[in-house]
Amino acid sequence: VAFLATRQTLHDKLGAYANSVYASNDAPGAIPSTTANTAGGGFRYDHDIRNRLFAFVAADFFSDALQGLNIRAAEGGGLGFHAIKNDRTTLDFLGGLNYTHENYTAFTRNFVALTLGEDLTHKIGKSTVLTQNLNFFPDLNNTGEFRATFDFGTVTRLTHRLGWQNSISDIYVTNPPAGKRQNDLVLTTGLNLSFGE
């Protein structure tokens, strides 16, 4: 289940999202019986300072039961650059700082990290929109530790309100709790219901 909302004017943009993925394996003796159990959400506000330069503030929240992650909260901000901005394509580069709080079942940690990112949106023909973003969060408290996220998706409009959606997401952490994997990869497909224009 996912929700995505965007409000854009000539000089600013507000985006919010929420998503939840749960899957289980009902085969007798399956280990693990739960194969996915994540929830996340957040927002980002961009305000143009000049034609191509903008400032942003953002907050993201995420939990993953299979990683033993009760909550990851990251709040921050910085500057961005509109490398491409037209009716068909937008490509933004971001840089800034964030404060991250992670509460695992095994431990809790807090740290300051850089925010380095790239966001791409491209319209293919009249009915398909491609989105892709890559974010890199190097931990400034512990050299060599970082978190990276990658998202890629397409939405193809079937009717005015209904679309077909495909997405791939990956979250990588260098230092998960002992016995947990560093990568969390999720593939989804389904129907998309849109409101507004």
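For the structure, see preceding data.
Residues numbered from 1 in each chain as written. Predicted model: local features only at pLDDT ≥ 70, side-chain atom pairs only at ≥ 80, totals over all residues. Heavy atoms only, no water.

Peer 1: Report on the pattern of salt bridges, specifying residues and quantitative values.
Peer 2: Summed over the entire model, instances satisfying the criterion amount to five salt bridges. Residue R44 is joined to D46 by a salt bridge in which the shortest nitrogen-to-oxygen separation is 2.8 Å. Residue E102 is joined to R109 by a salt bridge in which the shortest nitrogen-to-oxygen separation is 2.5 Å. A relative accessible area of 2% places E102 in the buried class. (Salt bridge = Lys/Arg side-chain N within 4 Å of Asp/Glu carboxyl O. Buried < 20%, exposed > 50% of the residue type's maximum accessible area, 1.4 Å probe, protein only.)

Peer 1: So what about the pairing of strand β6 (residues 89-104)? Which residues, and what values?
Peer 2: Judged from the 15 bridges that link them, strand β5 (residues 69-85) and β6 form a sheet pairing that is antiparallel. Counted as the bridge partner of K85 is T90 from β6. Of the strand pairs in this sheet, β6 and strand β7 (residues 108-124) are connected by 15 bridges, and their pairing is antiparallel. For T90, the partnering residue across the bridge sits in β7 and is T121. What sits between the antiparallel neighbours β6 and β7 is a turn of three residues. (Pairing = 2+ DSSP bridges. Helix = DSSP H or I, 4+ residues; strand = E, 2+ residues; numbered from the N terminus.)

Peer 1: Tell me about the side chain of D119, and please be specific about residues and values.
Peer 2: Locating D119 in the fold gives a position in strand β7. A distance of 2.6 Å separates a polar atom in the side chain of D119 from a polar atom in the side chain of R44. Setting aside residues no more than four positions away along its own chain, D119 makes contact with R44, T90, L91, D92, L94, Q132 and N133. (Polar contact = N/O pair within 3.5 Å; in protein donor to acceptor, adjacent residues only side chain to side chain. Contact = heavy atoms within 4.5 Å.)

Peer 1: Quick one: what's the story with empty space enclosed by the protein, residue by residue and with numbers?
Peer 2: Sizing a probe to match a water molecule and rolling it over the atoms shows the empty space that remains. Tallied over the full model, the rule gives two cavities of 30 Å³ or more. Taken as a whole, the largest cavity spans an internal volume of roughly 70 Å³. Considering the residues around the largest cavity, the lining is formed by E102, R109, F111, F137, D139, E145, F146, R147, V173, T174 and N175. Breaking the lining of the largest cavity down by element, the ones donating at least two residues are β7 and β9 (146-157). Class assignment for the residues of the lining of the largest cavity results in four nonpolar, two polar and five charged. Roughly 60 Å³ of internal volume is contained in the second largest cavity. (1 Å grid on protein atoms, 1.4 Å probe; cavity = no way out; pocket = protein on both sides within 12 Å on 5 of 7 lines; lining within 4 Å. Points joined across faces, edges and corners; volume = space filled by probe spheres on them. Nonpolar A, V, L, I, M, F, W, Y, C, P; charged D, E, K, R; others polar.)

Peer 1: Describe the sheet that holds strand β3 (residues 34-48), with residues and values.
Peer 2: In space, the eleven strands of this open sheet follow the order β1-β2-β3-β4-β5-β6-β7-β8-β9-β10-β11, with antiparallel pairing throughout. Sheet topology places β1 (2-8) and β11 (183-193) at the edges, where each strand pairs with a single neighbour. The mean inter-strand angle of the sheet, taken between neighbouring strand axes irrespective of direction, is 15°. Looking at chain direction, strand β2 (residues 12-24) and β3 are connected through 13 bridges and run antiparallel. Counterpart to V21 in the pairing with β3 is T38. (Axes fitted to C-alpha atoms, helices over the stretch in contact; angles between N-to-C directions.)

Peer 1: Tell me about a nonpolar patch on the surface, residues and numbers included.
Peer 2: The grouping of L158, L162, W164, L191, L193 and F195 at the surface amounts to a nonpolar patch, some 690 Å² of accessible area in total. When contributions to the nonpolar patch are tallied by element, the ones reaching two or more residues are β10 (162-173) and β11. Tracing the sequence through the fold places F195 in the segment after β11. (Patch = residues over 30% accessible without salt bridge, like charges linked within 9 Å, V, L, I, M, F, W, Y side chains within 5 Å. Areas by Shrake-Rupley, 256 points an atom, 1.4 Å probe, with all protein chains shown as cover.)

From the geometry alone we can't say anything about function, so treat these as descriptive.
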